[in-house]
Amino acid sequence: MRDTASRFIPPVAVRPPLRWPARCFLAVMAVAFMAVFWTHPVAVGGSLLALGSLVAVLSRREALRLAHMAQSRAGESICQFARSIDCRRVDTWVVRAVYEELQRSLSAVVAVPLRLTDNLQSDLRLDADDLDDLFADMAQRARRSLADTSANPLFGKVTTVGDLVEFLQAQSRLPTCAV
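Remember, predicted model here, so these are calculated numbers, not experimental data.

Caption draft 1: Up close: the overall build of the protein chain. A tally of helices and strands in the protein chain yields 6 helices and 0 strands. What you see in the protein chain, going N to C, is helices and strands ordered as α-α-α-α-α-α. Per-residue burial over the protein chain gives 30% buried out of 179 residues. Here the analysis covers contacts within the protein chain between residues at least 6 apart in sequence; of these, 73% occur between residues at least 24 apart.

Shown next, in the form of structure tokens:
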């Protein structure tokens, strides 16, 4: 295992800023939207209002669901999560990276304590694309390789938070460089 405690894990991964082709594309899309809005203000405005209302209602419902989940788990923290894992077998950096990245992705408003048995799709409402992005951040923070994930014995079988910890644990470690 590591000599350094997991509380010294690197901070949240920082994504690089958009490069110039992406910025140009966004600028062209903004100009196109303004042109459509200028020619059809009532239709576009009504559509935006309806879409915004729907998003607000669904966001509020999801926030209430997460708040209820957090309330039912009051008093739990990363400590209980880590105690439910055999940390002599599983790297504590993996445990902390999974816990913190999942919690960060759930809600910035309410910190929802996680359990190993939480289903990633039904309980946490994470789809495959979200998990791919999160997995890259988790692997970077835990210093795990993303090479050859299809050779991982849990490939395609990750359904719970515990499975995600085991999947990341089964990935090879990146070499550490002496500072």
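Caption draft 2: Quick peek at a nonpolar patch on the surface. The grouping of Leu-18, Phe-25, Leu-26 and Met-29 at the surface amounts to a nonpolar patch, some 410 Å² of accessible area in total. By the element assignment, Phe-25 lies in helix H1 (residues 20-39).

Caption draft 3: Highlighting helix H2 (residues 41-72). The first and last C-alpha atoms of H2 sit 46 Å apart over 32 residues, in line with the 46 Å expected at 1.5 Å per residue. Turning to H2, its buried residues are Val-44, Leu-66, Met-69 and Ala-70.

Caption draft 4: Quick look at the packing of H1 against H2. Interaxial distance between H1 and H2 falls to 5 Å at its minimum, and their mutual angle equals 115°. Comparing the axis directions of H1 and H2 gives the class roughly perpendicular. Along the contact surface, H1 presents Phe-33, Val-36, Phe-37, Trp-38 and Thr-39, while H2 presents Pro-41, Val-44, Gly-45 and Leu-48. Residue composition of the contact of H1 with H2, grouped by class: 7 nonpolar, 2 polar and no charged.

Calculation notes
- Residues numbered from 1 in each chain as written.
- Predicted model: local features only at pLDDT ≥ 70, side-chain atom pairs only at ≥ 80, totals over all residues.
- Heavy atoms only, no water.
- Helix = DSSP H or I, 4+ residues; strand = E, 2+ residues; numbered from the N terminus.
- Buried < 20%, exposed > 50% of the residue type's maximum accessible area, 1.4 Å probe, protein only.
- Contact = heavy atoms within 4.5 Å.
- Patch = residues over 30% accessible without salt bridge, like charges linked within 9 Å, V, L, I, M, F, W, Y side chains within 5 Å.
- Areas by Shrake-Rupley, 256 points an atom, 1.4 Å probe, with all protein chains shown as cover.
- Salt bridge = Lys/Arg side-chain N within 4 Å of Asp/Glu carboxyl O.
- Expected span 1.5 Å × (residues − 1).
- Axes fitted to C-alpha atoms, helices over the stretch in contact; angles between N-to-C directions.
- Parallel < 35°, antiparallel > 145°, perpendicular 65-115°, else oblique.
- Nonpolar A, V, L, I, M, F, W, Y, C, P; charged D, E, K, R; others polar.

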